[in-house]
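What the coordinates show
Each chain, written out:
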Amino acid sequence: MEKIELTAREKLALVAAAAGRHNVLMYGPRSALLLGEVLPKLLPDLTEGEAVPVNRIKSLAGYAMREADFGLEPPVRRPHSSASLEGMFGGGLRLLPGEASLAHNGLLFLEDAAEFRSCNLQTLRVPMESRSITLSRAGRTTTYPADFQLAMAMSPCPCGNLGSKDRVCFCSAKGVGLYWKKAEPVLERVEIIVDLFEEEGKERGACAIEDLRAEVANAVRTQRKRTHGLRNARLAPEYMEQTLGMDDDAANLLDRMTEENGWSARRKAEVAKVARTLADLADCDSVMESHLMTAEGLFGKLPAEKFGLQAEGPEE
C-alpha cells in the first residue's frame, strides 16, 4: 500500500481540493510533489457522462484511442512553462484543442506557475470563468469544453528561499512582488493556498493513498447526491444558500469574517464552498462554525501580503 508523509494541514488541503474540485496553490518545498504526484492519485473517477466529452476531446486532438483508454480516470495535464498560447488553449489550421481542453473534467497542473508566459496566465481567466474555449480561424469557429481544476506549484520568491528558517533570501522586495504579480490573474480564483515553509518542522504522519482516496470518494458521492452531479467548487451563487446547508451561527460567522477581512463576494463564496467540502468530508449535513474556521485557515496568505512586499515599478 502506497503511503506519503503529510502534516495535518497538507493532508486536509489535498483531500479537500480533490473532493470539492477546488483550485489549489502550494508554494515552497514539496509543492511539485504534493500537487503533481499525490493530488492526481486522489481524484475520484469520472461518471460515464463526464467521461464522454473527455474521450471525445482526446480523439479530436489526434490521440490513438484504444478500447482500454475509454475509462473513467480523470485527465491530468502537465504543460511545460514554455508552452505556447496555441499549445495551452488550442488553435492551428485544424483548430485542435489545447491543454486546457484536454484537462476538461480533470486537473491542469502548472509547475513553477510564475515561469509561464504572461499571455497564458492572462488567458487562463477565460476558461476558468466560462468553462469553455472558443477558437476562430479563417471564418471557422469551434468551441471546446474546458472545465478543469487548476493546481499551481510555485516558489515563494525567485530564489525560492523566502520564508525558509535555515536559508537566506536575496531577492529584493520589488522582485518578489513582481514575481507574484505575474500570476495575479489566476490567484483570485484559487480557493486553497498553502505555504509549505510553515509546515517545516511540524509532525508528519504516514498516510495511505488508498485511505485518502476513499475519504475523497465518500465526500464526492455526498456532493453528487445533494447537487445532482455538481461538485462544491462549481456551485452557482444563486443556488448556494439552498445547497450549502449552513446553520445560523455559521452564517453569522461568515458575515463577520467577510467584514473583518475585507473579502469580496467571490472570496466569501469560495470560503463557504470549501467549508461545505469540509463538512462533506466529516459527513455533516450542515456547515458549522468549525468548518468555516478551518476553511479560512486553508486560505493562506501570499508572500507579498505576509511580508508586506509591493511591486511598484520595474525591478532594478
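Refer to the preceding data block for the structure.
Residues numbered from 1 in each chain as written. Predicted model: local features only at pLDDT ≥ 70, side-chain atom pairs only at ≥ 80, totals over all residues. Heavy atoms only, no water.

1. Concerning the overall build of the chain
When its secondary structure is counted, the chain shows 15 helices and nine strands. When its C-alpha atoms are laid out on the principal axes, the chain stretches across 55 × 50 × 45 Å. Residue burial in the chain is summarised as follows: out of 316 residues, 49% are buried. Counted over contacts in the chain with a minimum sequence separation of 6, partners at least 24 positions apart contribute 77%. On the chain, roughly 15,200 Å² of surface is accessible, and the fraction owed to carbon and sulfur atoms is 49%. Looking at charge distribution, the chain has the averaged site of its 40 positive side-chain charges lying 5 Å from that of its 47 negative ones. (Helix = DSSP H or I, 4+ residues; strand = E, 2+ residues; numbered from the N terminus. Buried < 20%, exposed > 50% of the residue type's maximum accessible area, 1.4 Å probe, protein only. Contact = heavy atoms within 4.5 Å. Areas by Shrake-Rupley, 256 points an atom, 1.4 Å probe, with all protein chains shown as cover. Lys, Arg positive; Asp, Glu negative; His and termini not counted. Charge placed at Lys NZ, Arg CZ, Asp CG, Glu CD.)

2. A closer look at the nonpolar core
Nonpolar side chains in soluble globular proteins tend to end up buried together. One finds L14, M26, L35, L39, I192 and L292 to be the most contacted residues of the largest nonpolar core, which totals 47 residues. In terms of residues, this core owes the most to one element, helix 1 (residues 8–20), which gives seven residues. Within the second largest apolar cluster, 35 residues are counted, among which are Y27, F89, L108 and W180. (Core = buried A, V, L, I, M, F, W, Y, C linked by side-chain atoms within 4.5 Å.)

3. Description of a negative patch on the surface
Together, E37, E111, D112 and E115 line one region of the surface with negative charge. On the secondary structure map, E37 appears in helix 2 (residues 31–42). Residue classification places E37 among the partly exposed residues on the basis of a relative accessible area of 43%. (Patch = residues over 30% accessible without salt bridge, like charges linked within 9 Å, V, L, I, M, F, W, Y side chains within 5 Å. Salt bridge = Lys/Arg side-chain N within 4 Å of Asp/Glu carboxyl O.)

4. Quick word on the packing of aromatic side chains
Ring pairs (aromatic) are described by centroid distance and by the angle formed between their planes. By the definition in use, this model includes two aromatic pairs. On the numbers, 6.0 Å between centres and 80 degrees between planes, the contact of Y179 with W180 is edge-to-face. For the residue pair Y179 and W180, the accessibility class agrees, reading buried in each case. Here the aromatic residues Y27, Y179 and W180 are joined through ring pairs into a cluster of three or more. (Phe/Tyr/Trp six-rings, centres within 6.5 Å; stacked < 30°, edge-to-face > 60°.)

5. So, the sheet that holds strand 8 (residues 192–195)
Strand order across the open sheet formed by five strands is 3-4-7-2-8, with parallel pairing between neighbours. Looking along the sheet, the strands with just one partner apiece sit at the ends: strand 3 (76–77) and strand 8. Pairing between strand 2 (residues 24–27) and strand 8: four bridges, direction parallel. Within strand 8, the position partnered with Y27 by the bridge is D195. (Pairing = 2+ DSSP bridges.)

6. A closer look at unusual backbone geometry
Positive phi, normally seen in glycine, also occurs at D112, with a value near 55 degrees. Assignment of secondary structure puts D112 in the loop between strand 4 (107–111) and helix 6 (118–123). Positive phi outside glycine occurs at D283, with the angle close to 60 degrees. With respect to the element layout, D283 can be found in the loop between helix 13 (265–281) and helix 14 (289–298).

7. Side note on empty space enclosed by the protein
Counting across every chain of the model gives one cavity of 30 Å³ or more. In this structure, the largest cavity occupies an estimated 90 Å³ of space. Along the walls of the largest cavity sit R21, L43, P44, L46, E50, P74, N105, G106, Q149, R224 and R231, which together make up its complete lining. By residue class, the composition of the lining of the largest cavity is four nonpolar, three polar and four charged. (1 Å grid on protein atoms, 1.4 Å probe; cavity = no way out; pocket = protein on both sides within 12 Å on 5 of 7 lines; lining within 4 Å. Points joined across faces, edges and corners; volume = space filled by probe spheres on them. Nonpolar A, V, L, I, M, F, W, Y, C, P; charged D, E, K, R; others polar.)

8. Topic: the pattern of salt bridges
Tallying each qualifying case throughout the model produces 21 salt bridges. Here R204 makes a salt bridge to E10, at a shortest N to O gap of 3.1 Å. One end of the pair, R204, is in the loop between strand 8 and strand 9 (205–208); the other, E10, is in helix 1, with 194 residues separating them in the sequence. Overall, E10 belongs to the buried group, its relative accessible area being 0%. Taking the shortest distance from any N to any O, the salt bridge between R21 and D147 comes out at 3.6 Å. In this pair, R21 sits in the loop between helix 1 and strand 2 while D147 sits in the loop between strand 6 (140–145) and strand 7 (149–154), placing the two residues 126 residues apart along the sequence.

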